[in-house]
Amino acid sequence: MGDTNSEDKKKTAREIIENYNGPKVRIMEVCGTHTHEIFRLGIRKLLPGQVELISGPGCPVCVTPVSFIDEAIYLALEKGVTICTFGDLVRVPGTKMSLAGAREQGAKIRIVYSPADAEKYAKEHPDEQVTFLSVGFETTTPAGCLSVKAAKEDGLDNYSLLVANKTMPQAYEALKGSADVFLYPGHVNAITGTRLCEALTEEGVSGVVAGFTARELMTALAVALVKFQEGKPFFVNCYPRVVTQDGSKEAQELVDEMMEACDSEWRGLGMIPASGLQLRPEWKNFDARIKYQVPKMEGKPNPACRCGDVLQGKCKPSDCKVFGKGCTPQHPIGACMVSGEGACSAYYQYS
């Protein structure tokens, strides 16, 4: 195998990918941005038949459960709270309606570009109760924490978070039977470092960290194919200019100071133990669920939507009966068609 590796190093990444003649392999793009970039760059067209790319749960809006949308609508319509949110959450369907539908019924829904914008709005509107919808993975969680710190420093009592932040390692474990190799998201690993992914190889989980340019993605896929043929679990950091073994200690310490692990529901994957985050008790005044005594919500997704299967890699978006028919970006039935990072959105846009 040493000779093969030596030969592969002399080949370009494209040559390795196009000439791959090893066993069938399923590679899961965990990150929605990877899914879109791979489509946009035409990389899928280079893959031989035995290499299958499947989309995973790496779009935060897509894995946020229906119950979270229902909680936000409850705050807006029943408690009169001004909801600040990223734009792609507005059209995600809840059990009865989306936030856009709630806005039509008089709810105050404001689109912001960061939690800091939401905190600033609360500071400028002391007569309004303001809640920011905090969704995302390790990359966006620190910004939510900073907004709560700022609210405390500003003496605000009208600002809170409705938290649905999640952590990726537990999802990898839950999905380890769904793919042969994970294409790990470089921006997440820039925060977390690589130690957790390295440790997953001991559980039989293989993966490569990938960047987002054409060269970085092609390199990561080529490395994955070469390593996969060696027949044993592996981990390779193919994004070393950004990702280190330890990650961002500052961001990790901030999140650890303010948040703690909790069980969390993922759309399609169900409840995954210790895969979510919630504010620690000392920050409970900024926890919207506690502040407004939000009742337990049992969200019900549209039964026609196969978003959950897409997020687990069980089917392609085009396998869903409503894809491109009843479900389009203009009239989405599921979250994967709404989000700019969603797999269904990517398939609709590029396929």
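Quick look at the structure, then. (Residues numbered from 1 in each chain as written. Predicted model: local features only at pLDDT ≥ 70, side-chain atom pairs only at ≥ 80, totals over all residues. Heavy atoms only, no water.)

Re the pairing of strand 8 (residues 207-210)
(1) Moving on: Every second residue of strand 8 is oriented toward a common face, with Gly-207 and Val-209 on one face and Val-208 and Ala-210 on the other, all of them buried.
(2) Moving on: In terms of strand pairing, strand 7 (residues 181-185) meets strand 8 through four bridges, oriented parallel. Along strand 8, the bridge assignment pairs Phe-182 with Gly-207.
(3) Moving on: As defined by bridge partners, strand 8 adjoins strand 9 (residues 235-237) across three bridges and the pair is classed as parallel. (Buried < 20%, exposed > 50% of the residue type's maximum accessible area, 1.4 Å probe, protein only. Helix = DSSP H or I, 4+ residues; strand = E, 2+ residues; numbered from the N terminus. Pairing = 2+ DSSP bridges.)

A closer look at the packing of aromatic side chains
(1) Moving on: On inspection of all chains with the given rule, the structure shows 11 aromatic pairs.
(2) Moving on: On the basis of an interplanar angle of 80° and a centroid distance of 6.1 Å, the ring pair of Phe-212 and Tyr-239 is categorised as edge-to-face. A residue pair is termed long-range when its members are at least 10 positions apart, and Phe-212 in the loop between strand 8 and helix 12 (214-228) and Tyr-239 in the loop between strand 9 and helix 13 (249-258) qualify at 27 residues.
(3) Moving on: An aromatic cluster is defined as three or more aromatic residues linked by ring pairs; in this entry it consists of Tyr-172, Phe-182, Tyr-184 and Phe-235.
(4) Moving on: A cation over a ring is seen here: Arg-44 above Phe-39, with NZ or CZ 4.4 Å from the ring centre.
(5) Moving on: For the cation-ring pair, Lys-152 lies above Trp-283, with the distance from its terminal atom to the ring centre recorded as 4.8 Å. (Phe/Tyr/Trp six-rings, centres within 6.5 Å; stacked < 30°, edge-to-face > 60°. Lys NZ or Arg CZ within 6 Å of the ring centre and 35° of its normal.)

Structural notes on the environment of Tyr-292
(1) Moving on: Relative to the helices and strands, Tyr-292 resides in the loop between helix 14 (288-291) and helix 15 (307-311).
(2) Moving on: Between the C-alpha atoms of Tyr-292 and Tyr-74, which are 218 residues apart in sequence, the distance is 9.9 Å.

Things to note about the packing of helix 8 (residues 141-153) against helix 13
(1) Moving on: Remark: helix 8 packs on helix 13, axes separated minimally by 9 Å, with the N-to-C direction vectors making an angle of 55°. Viewed along their axes, helix 8 and helix 13 adopt a mutual orientation that is oblique. Here the hand of the crossing between helix 8 and helix 13 comes out left-handed. Here helix 8 contributes Thr-141, Pro-142, Cys-145, Leu-146, Val-148 and Lys-149 to the contact with helix 13, which in turn contributes Ala-251, Leu-254, Val-255, Glu-257 and Met-258.
(2) Moving on: Of the residues contributing to the contact of helix 8 with helix 13, the split by class is eight nonpolar, one polar and two charged. (Axes fitted to C-alpha atoms, helices over the stretch in contact; angles between N-to-C directions. Parallel < 35°, antiparallel > 145°, perpendicular 65-115°, else oblique. Left-handed = near helix turned anticlockwise from the far one by under 90°. Contact = heavy atoms within 4.5 Å. Nonpolar A, V, L, I, M, F, W, Y, C, P; charged D, E, K, R; others polar.)

With respect to the nonpolar core
Side chains that are nonpolar tend, in soluble globular proteins, to be buried together.
(1) Moving on: Leu-75, Phe-182 and Tyr-184 are the most contacted members of the largest nonpolar core, which has 69 residues in total.
(2) Moving on: Dropping the residues within four chain positions of it, Phe-182 is found in contact with Met-28, Val-30, Tyr-172, Leu-175, Lys-176, Val-205, Ser-206, Gly-207 and Val-208.
(3) Moving on: Ranked by size, the runner-up nonpolar core spans 26 residues in total, among them Leu-47, Val-208, Ala-210 and Leu-221. (Core = buried A, V, L, I, M, F, W, Y, C linked by side-chain atoms within 4.5 Å.)

Considerations on the sheet that holds strand 4 (residues 109-111)
Hydrogen bonding along the main chain pairs the strands of a sheet, whether they run parallel or antiparallel.
(1) Moving on: Here four strands make up an open sheet; going across it, the order is 4-3-5-6 and the pairing parallel. Of all the strands in the sheet, just strand 4 and strand 6 (159-165) have a single pairing partner and so form its edges. Averaged over all neighbouring strand pairs, the angle between strand axes comes to 25°, with direction disregarded.
(2) Moving on: Here helix 5 (residues 66-78) sits on the sheet in contact with strand 3 (82-85), strand 4, strand 5 (130-136) and strand 6, set at roughly 165° to strand 6.
(3) Moving on: Against the sheet, helix 8 contacts strand 5 and strand 6, and its axis sits at roughly 160° relative to strand 6.

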